[in-house]
Amino acid sequence: MQPAELVASVGHFRSLFADAGCYIAAIPTYVGGHMAMGWATDSKRLREVPLKTLAERYRRAGRPPTKYWTPEVHKAAFALPRFIVEQLARAKAR
């Protein structure tokens, strides 16, 4: 719902980090339902943490009860809808 802000933020991240983009979560009170959160890192591998690794980390943490988060939801948060991918394609490093 705020594509200019997303493009500008990711553009700034891309000028500072090796990998920049966003992930999403369903936020029922947010108009449109999806909220994009910025993602930036110098390790491109972090975006590709295998589901098995996420599940093992959750198990080692004692499987704290959650109403939303699961290892599967974590992994899926990086699978973006086309309309967000198209906006991210516009973000250039500044």
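Keep in mind that this is a model prediction, so the values were computed, not measured.

Definitions and cut-offs
- Residues numbered from 1 in each chain as written.
- Predicted model: local features only at pLDDT ≥ 70, side-chain atom pairs only at ≥ 80, totals over all residues.
- Heavy atoms only, no water.
- Helix = DSSP H or I, 4+ residues; strand = E, 2+ residues; numbered from the N terminus.
- Buried < 20%, exposed > 50% of the residue type's maximum accessible area, 1.4 Å probe, protein only.
- Contact = heavy atoms within 4.5 Å.
- Areas by Shrake-Rupley, 256 points an atom, 1.4 Å probe, with all protein chains shown as cover.
- Lys, Arg positive; Asp, Glu negative; His and termini not counted.
- Charge placed at Lys NZ, Arg CZ, Asp CG, Glu CD.
- Polar contact = N/O pair within 3.5 Å; in protein donor to acceptor, adjacent residues only side chain to side chain.
- Pairing = 2+ DSSP bridges.
- Phe/Tyr/Trp six-rings, centres within 6.5 Å; stacked < 30°, edge-to-face > 60°.

### Structural notes on the overall build of the protein
Tallying secondary structure elements over the protein gives 4 helices and 2 strands in all. What you see in the protein, going N to C, is helices and strands ordered as α-β-β-α-α-α. On the principal axes, the C-alpha backbone points of the protein span a range of 40 × 30 × 20 Å. When each of the 94 residues of the protein is scored for burial, the buried share is 23%. Excluding contacts between residues fewer than 6 apart, the proportion of contacts in the protein whose partners are at least 24 apart in sequence is 55%. When the accessible area of the protein is evaluated, it comes to approximately 6600 Å², of which 60% is carbon and sulfur surface. Side chains of the protein carry 15 positive and 7 negative charges; the gap between the two charge centres is 3 Å.

### Things to note about the side chain of Thr41
Mapped onto the secondary structure, Thr41 falls in strand β2 (residues 34–41). Its relative accessible area of 10% is what places Thr41 among the buried residues. At a separation of 3.0 Å, a polar atom in the side chain of Thr41 contacts the main-chain amide nitrogen of Ser43. Aside from chain neighbours lying at most four places away, what touches Thr41 is Phe17, Ala18, Asp19 and Leu46.

### Remarks on the pairing of strand β1 (residues 19–26)
Most of β1 sits inside the fold, with 6 of its 8 residues counted as buried. As defined by bridge partners, β1 adjoins β2 across 8 bridges and the pair is classed as antiparallel. Residue pairing across strands places Tyr23 opposite Met37, the latter belonging to β2.

### Brief notes about the packing of aromatic side chains
On inspection of all chains with the given rule, the structure shows 3 aromatic pairs. Ring geometry for Trp39 versus Phe78: centroids 5.0 Å apart, planes at 80 degrees, classification edge-to-face. In this pair, Trp39 sits in strand β2 while Phe78 sits in the loop between α3 (71–76) and α4 (82–88), placing the two residues 39 residues apart along the sequence. Exposure class is identical for Trp39 and Phe78. Each is buried. Ring geometry for Tyr58 against Trp69: centres 5.2 Å apart, planes inclined by 65 degrees, an arrangement best described as edge-to-face. Of the two residues, Tyr58 is situated in helix α2 (residues 51–60) and Trp69 in the loop between α2 and α3; the sequence distance between them amounts to 11 residues. An aromatic cluster of three or more residues is present, and its members are Tyr23, Trp39 and Phe78.

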